[in-house]
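Listed below are the residues making up each chain.
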Amino acid sequence: MNPEKIAVIGSNSFSGSTFVRYLLDKGQDVLGFSRSEEPKDVFLPYKWLHNWQDRFRFEQADLNHDLEKLIEILNEEKPNYIVNFSALGMVAQSWKKPEDWFQTNVVAQVKFHDQIRKLDFIYKYVHVTTPEVYGSTDGWISESFNFSPSTPYAVSRAACDLHLKSFIDAYNFPVVFTRAANVYGPGQQLYRIIPRTILYARLGKKLSLHGGGSSDRSFVHMNDVSDATYRIALNGTMGDTYHISSKETISIRDLVMKICELININFTDLIEESEERLGKDQSYKLDSSKIRKELGWKDTIDLKEGIASTIEWVDSNLDTLKNMPHGYIHKS
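Our subject in this report is the structure included herewith.

Cut-offs and rules
- Throughout this document, residue positions are counted from 1 along each chain, in the order its sequence is written.
- For a predicted model such as this one, the threshold for reporting local features is a pLDDT of at least 70, and the threshold for listing and counting side-chain atom pairs is 80 or more; totals across whole chains, interfaces and linings nevertheless cover every residue.
- Hydrogen atoms and water are omitted, and side-chain values are computed over all heavy atoms in the structure.
- In this analysis, strands are considered paired if DSSP registers two or more bridges between them.
- Going along the chain from the N terminus, every DSSP run of H or I of four or more residues is numbered as a helix, and every run of E of two or more is numbered as a strand.
- Structural elements are reduced to axes, namely lines fitted to C-alpha atoms, with helices fitted over the stretch in contact, and the angle between N-to-C directions of any two is expressed from 0 to 180 degrees.
- Here, a salt bridge means any side-chain nitrogen of Lys or Arg that lies within 4 Å of a carboxyl oxygen of Asp or Glu.
- Relative accessibility thresholds used throughout: buried, under 20% of the residue-type maximum; exposed, over 50%; partly exposed, between the two (1.4 Å probe, protein chains only).
- Residue types Ala, Val, Leu, Ile, Met, Phe, Trp, Tyr and Cys, when buried and joined through side-chain atoms within 4.5 Å, form a set referred to as a nonpolar core.
- Residue contacts are defined here by distance: any two heavy atoms, one from each residue, within 4.5 Å place the two residues in contact.
- For classification, angles of less than 35 degrees are called roughly parallel, those exceeding 145 degrees roughly antiparallel, those between 65 and 115 degrees roughly perpendicular, and all remaining angles oblique.
- Note: crossing handedness is left-handed where the near helix turns anticlockwise from the far helix by less than a right angle, and right-handed where it turns clockwise.
- Residues are grouped as follows: Ala, Val, Leu, Ile, Met, Phe, Trp, Tyr, Cys and Pro are nonpolar; Asp, Glu, Lys and Arg are charged; all remaining types, including Gly, are polar.

**Here we look at the sheet that holds strand β6 (residues 175-180)**
Next up, step 1: Strand order in this open sheet of seven strands is β3-β2-β1-β4-β5-β6-β11, and the pairing throughout is parallel. In the strand order of this sheet, the two ends are held by β3 (56-60) and β11 (241-244), each with one partner. When strand polarity is set aside, the average angle formed by the axes of neighbouring strands in this sheet is 20°.
Next up, step 2: Inspection of the sheet shows strand β2 (residues 29-34) paired to β3 by five bridges, in the parallel sense.

Encoded structure:
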């Protein structure tokens with residue numbers, strides 16, 4: 001099936017904008033929504049395409065404040081598929097003002113879902129959630145709703161997932177869930193570990209390594225995640241969850257060391273160690289056998305290749321990136 005139009009909620013985010021680019025490459029018509037106006041082109045991979053405007057419409061709409069406008073546009077455009085990347089992220093910051101995370105990730109989402117469940121033109125709703133809902137994992141885990149969240153961010157995401165599960169049971173709401181490992185690639189926000197490491201190395205700044213970088217993570221390139229998300233939208237089983245992950249993990253310390261090797265900089269010159277963040281989970285290991293077997297997906301970009309492409313993006317845009325904020329800026 002080739003949908004005529006796909007709506008992407010959170011199209012300004014790194015994951016959302018990279019997915020929009022993937023869809024436009026597929027020849028899809030795309031309707032994008034985000035709460036903020038479009039950022040600089042350097043952070044919008046779809047704008048790196050020729051004639052991206054021909055098949056893409058952007059509307060600024062905040063789920064917290066502009067739900068009526070958003071639903072009105074959906075009724076006008078009638079997309080068959082909605083993919084929702086929108087959420088307040090950032091684990092550490094969620095401790096400082098947790099009510100913002102619950103407002104955006106639970107209350108606003110529930111209101112949104114209660115509206116779109118009534119739209120008869122929606123074939124599939126893809127809810128992009130997070131492995132943070134599981135808490136720290138012991139070994140490779142399969143998809144489930146057995147949650148053990150350890151931060152306000154993770155609790156808010158788990159609450160929304162469970163709310164949607166109730167909508168499946170009550171209304172046969174056609175939702176599928178994705179939970180991806182750590183995503184990365186060109187265009188990612190500068191406060192994320194891979195682009196931040198590269199940028200700080202180029203600028204001669206010190207990189208803070210929380211807890212010495214001992215936590216284990218699996219990294220998967222956003223191009224591969226976009227391919228997985230598209231397959232899930234078209235052919236995923238309603239009500240199911242799909243893990244999107246590589247089969248390997250790496251400690252944050254070893255990841256930074258790998259980046260240092262690729263750009264020929266001394267690791268000890270770059271990093272300074274700091275205390276671990278409150279509630280940080282030690283490890284996420286997502287078994288991705290299900291999507292590989294059911295939907296024929298596989299990751300095609302290994303970590304070395306993916307880091308190299310991100311280094312190229314940073315170097316090509318260094319004059320722009322060095323003058324932009326490098327840390328997370330919270331918006332209520």
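**Overview of the pattern of salt bridges**
When the charged atoms of two side chains lie near each other, side chains of opposite charge can form a pair.
Next up, step 1: One pass over the structure, following the stated rule, counts 14 salt bridges.
Next up, step 2: Glu76 is the salt-bridge partner of Arg57, the closest N and O atoms lying 3.1 Å from each other. A residue pair is termed long-range when its members are at least 10 positions apart, and Arg57 in strand β3 and Glu76 in helix α2 (residues 67-77) qualify at 19 residues.
Next up, step 3: When its relative accessible area of 26% is taken as the criterion, Arg57 is described as partly exposed.
Next up, step 4: Given a relative accessible area of 52%, Glu76 falls into the exposed group.
Next up, step 5: With a shortest N-O distance of 3.0 Å, Arg231 and Asp227 are connected by a salt bridge. In this pair, Arg231 and Asp227 both sit in helix α6 (residues 222-235), four residues apart, roughly one turn of the helix.
Next up, step 6: Relative accessible area serves as the criterion here: at 29%, Arg231 is assigned to the partly exposed category.
Next up, step 7: The buried category is assigned to Asp227, whose relative accessible area is 16%.
Next up, step 8: When salt bridges with common partners are traced through the structure, they connect Lys5, Arg57, Glu59, Glu76 and Glu77 into a single cluster.

**Side note on the nonpolar core**
Next up, step 1: Membership of the largest hydrophobic core comes to 36 residues, with the highest contact counts inside it found for Val8, Phe19, Leu23, Leu24, Ile244 and Ile291.
Next up, step 2: For this core, the elements supplying multiple residues, two or more each, are β1 (5-9), α1 (14-25), β4 (81-84), β5 (124-129), β6, α6, β11 and α9 (289-295).
Next up, step 3: The element best represented in this core is α6, accounting for seven residues.
Next up, step 4: Those residues within four positions of Leu23 in sequence are excluded, and the remaining contacts are Ile6, Val8, Gln28, Val30 and Tyr230.

**What to know about the packing of helix α7 (residues 252-263) against helix α10 (residues 303-316)**
Two quantities define a packed helix pair, namely the angle between the helix axes and the distance between the axes.
Next up, step 1: In contact at an axis separation of 11 Å, α7 and α10 are set at 60° when each is read in the N-to-C sense. Relative to α10, the element α7 is oriented oblique. Between α7 and α10 the crossing geometry is right-handed. Of the residues in α10, those touching α7 at Leu255, Lys258, Ile259, Leu262 and Ile263 are Leu303, Lys304, Ile307 and Ile311.
Next up, step 2: A breakdown of the residues in the contact of α7 with α10 according to their chemical character gives seven nonpolar, no polar and two charged.

That's the geometry; what it means functionally is another story.
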